[in-house]
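Structural features, examined
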Amino acid sequence: MRAKELRDLTDDELERRLRETRQELFNLRFQSATGALENSARLTHAKREIARILTVRNEREAQVETR
């Protein structure tokens, strides 16, 4: 999901997406440790998705503080 799409989500949807992506990353790391991970690029994708979500969340918090 792109940052533009994330900005269109509500705060609750953004938090739900963050929880889901963190759970996915946990599962991928577990698969990697057990040797069951087939596509290691999914790890990087999940990490970047989390970073995008956190960036959007921080932008929103900064906007609230400046008002």
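Residues numbered from 1 in each chain as written. Predicted model: local features only at pLDDT ≥ 70, side-chain atom pairs only at ≥ 80, totals over all residues. Heavy atoms only, no water.

Quick word on the environment of arginine 57
Selection criterion: Helix numbers and strand numbers start at the N terminus; a helix is a DSSP run of H or I with at least 4 residues, a strand a run of E with at least 2. Any pair of residues with heavy atoms lying within 4.5 Å of one another is described as a contacting pair. As used in this structure description, the phrase polar contact means that two N or O atoms lie within 3.5 Å; if the pair is within protein, one of them must be able to donate a hydrogen and the other to accept it, and residues adjacent in sequence are counted only when both atoms belong to side chains.
The residue arginine 57 is located in helix H3 (residues 41–66) in this model. For the pair formed by arginine 57 and leucine 18, sequence separation is 39 residues and the distance between their alpha carbons is 10.0 Å. Excluding anything up to four places from it in sequence, arginine 57 contacts Leu14, Glu15 and Leu18. Within the structure, the side chain of arginine 57 is placed 3.2 Å from the side chain of glutamate 15, a separation counted as a polar contact.

Brief notes about the side chain of threonine 21
Note the threshold: Between buried and exposed lies partly exposed: a residue is buried under 20% and exposed over 50% of the maximum accessible area for its type, with that area taken using a 1.4 Å probe on protein chains only.
Looking at the secondary structure, you find threonine 21 in helix H2 (residues 11–34). Residue classification places threonine 21 among the buried positions, given a relative accessible area of 3%. Residues within four places of threonine 21 in sequence aside, it is in contact with Ala46, Glu49, Ile50 and Ile53.

Looking at the packing of H2 against H3
Heads up, the condition is: Here the axes come from fitting lines to C-alpha atoms, over the contacting stretch only for helices, and the angles between their N-to-C directions go from 0 to 180 degrees. In what follows, roughly perpendicular refers to angles from 65 to 115 degrees, roughly parallel to angles under 35, roughly antiparallel to angles over 145, and oblique to any angle outside these ranges. Two helices that cross are described as forming a left-handed crossing if the nearer one is turned anticlockwise from the farther one by less than a right angle, and a right-handed crossing if clockwise. Residue classes follow a fixed rule: Ala, Val, Leu, Ile, Met, Phe, Trp, Tyr, Cys and Pro count as nonpolar, while Asp, Glu, Lys and Arg count as charged, and any other residue, Gly among them, counts as polar.
Interhelical geometry of H2 versus H3 gives an angle of 155° and a closest axis separation of 9 Å. Looking at the two axes, H2 sits roughly antiparallel to H3. The chirality of how H2 crosses H3 is left-handed. Residues Asp11, Leu14, Glu15, Arg17, Leu18, Thr21, Arg22, Glu24, Leu25, Leu28, Arg29 and Ser32 of H2 form the contact with H3, whose participating residues are Arg42, Leu43, Ala46, Lys47, Glu49, Ile50, Ile53, Leu54, Val56, Arg57 and Arg60. Its residues placed into classes, the contact of H2 with H3 shows ten nonpolar, two polar and eleven charged.

Purely spatial values, then, with no claim about function.
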